[in-house]
Amino acid sequence: MAGCFWQSSHFQQWLLTRQDLMRERHQDLQILSDEEYLKLMIFFANLIQALGEQLKVKQQVVATAIVYFKRFYVRNSLKSIDPLLMSPTCVFLASKVEEFGVISNNRLISTCQSVVKNKFSYAYPSEFPYRINHVLECEFYLLEMMDCCLVLYHPYRPLLQYLHDWNNKETILPTAWNVVNDIYRTDICLLYAPHQIALACLHMACVITQRDYKQWFADLNTDLDKVLEITRHILNLYELWKNFDEKKEIQALLNKMPKPKCQQTSRPPSQGGVPSEGQSSQQQSNQNTSTASSSGLSQTTN
């Protein structure tokens, strides 16, 4: 684990720019508008949150899972792996990285089935279609894509540090903490340093609770323009969220979303590219196509 954020893979490899996001998402944004893409990200963040709550993991596990999810779809199209499969995979991996403990295979799948059936049936009328072998395969792709850069720095710790010497912090902390939770519905966690996010959420909390700490912010040795940028992103999220009727809109968005295309391509011998002795090429082709179809993984995935 890196000793500080500035020496970590989070800062050196995974702090992106707006131009990076637009370039990487270009393929999906040929089909979806920016607003539609953001609404899908809000929906899947809500799904990950619901899975985390049902599994009774701590909020930092949920936050880590959402960042993993966003990182994957920054580097890959939505059609590469079904987000319904990627969501529990991110929770499964995050629970191990954040030392919550390994979630049992049966518990993970039964929780997915329960959450999809009871809380998200308006989006997925059929039952959760995946099994633990699909999650484990998806986890491999996720680890490979992130180059095993798994340690994340969240805004929760700097938020507590900033508030340590504040008066009446008990009235501000819950509001600021909730705003931090909300930023994971946006790209903020991919674009800005955790301490800048914490300051923006603290600024929002002061406005909401009508506390005047202007002089405290003015005395900070930090880039306040970045803090104000984050604040604008948060306000845009709330404006979009207020007008987003998820239960009415999500089905159409999911139908429009790019889907995995299961088609035969050349694969390395270790992945079945060369038929084993005694097995015909046609049998091998059928087997590979069947595997991809059942797992929700496109064979064009890197």
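You'll find the structure just up there.
Residues numbered from 1 in each chain as written. Predicted model: local features only at pLDDT ≥ 70, side-chain atom pairs only at ≥ 80, totals over all residues. Heavy atoms only, no water.

One pair of aromatic rings is described through two measures. These are the centre distance and the angle between the planes. A complete count under the given rule lists 15 aromatic pairs for this structure. Each ring, one from F43 and one from Y124, has its centre 6.3 Å from the other, and the planes form 40°; the classification is tilted. Linking F43 in helix α3 (residues 34–55) with Y124 in the loop between α6 (105–119) and α7 (132–145), this pair joins segments that are 81 residues apart in sequence. Given the relative accessible area of 0%, F43 is considered buried. On the basis of an interplanar angle of 35° and a centroid distance of 5.7 Å, the ring pair of F44 and F69 is categorised as tilted. Here F44, found in helix α3, pairs with F69, found in helix α4 (residues 59–75); they are 25 residues apart in sequence, far enough to count as distant. Among the residues examined, F69 registers a relative accessible area of 2% and is labelled buried. (Phe/Tyr/Trp six-rings, centres within 6.5 Å; stacked < 30°, edge-to-face > 60°. Helix = DSSP H or I, 4+ residues; strand = E, 2+ residues; numbered from the N terminus. Buried < 20%, exposed > 50% of the residue type's maximum accessible area, 1.4 Å probe, protein only.)

Along the chain, the position of S87 falls in helix α5 (residues 83–97). There is a polar contact of 2.7 Å between the side chain of S87 and the backbone oxygen of P83. (Polar contact = N/O pair within 3.5 Å; in protein donor to acceptor, adjacent residues only side chain to side chain.)

Quick look at the side chain of D182 now. Summarising the element assignment, D182 is placed in helix α9 (residues 169–183). Buried charge without a salt bridge: D182, with R185 as the nearest opposite-charge side chain at an N-O distance of 5.4 Å. When neighbours within four sequence positions are excluded, D182 is seen to be in contact with L237, Y238 and W241. (Lys, Arg positive; Asp, Glu negative; His and termini not counted. Salt bridge = Lys/Arg side-chain N within 4 Å of Asp/Glu carboxyl O. Contact = heavy atoms within 4.5 Å.)

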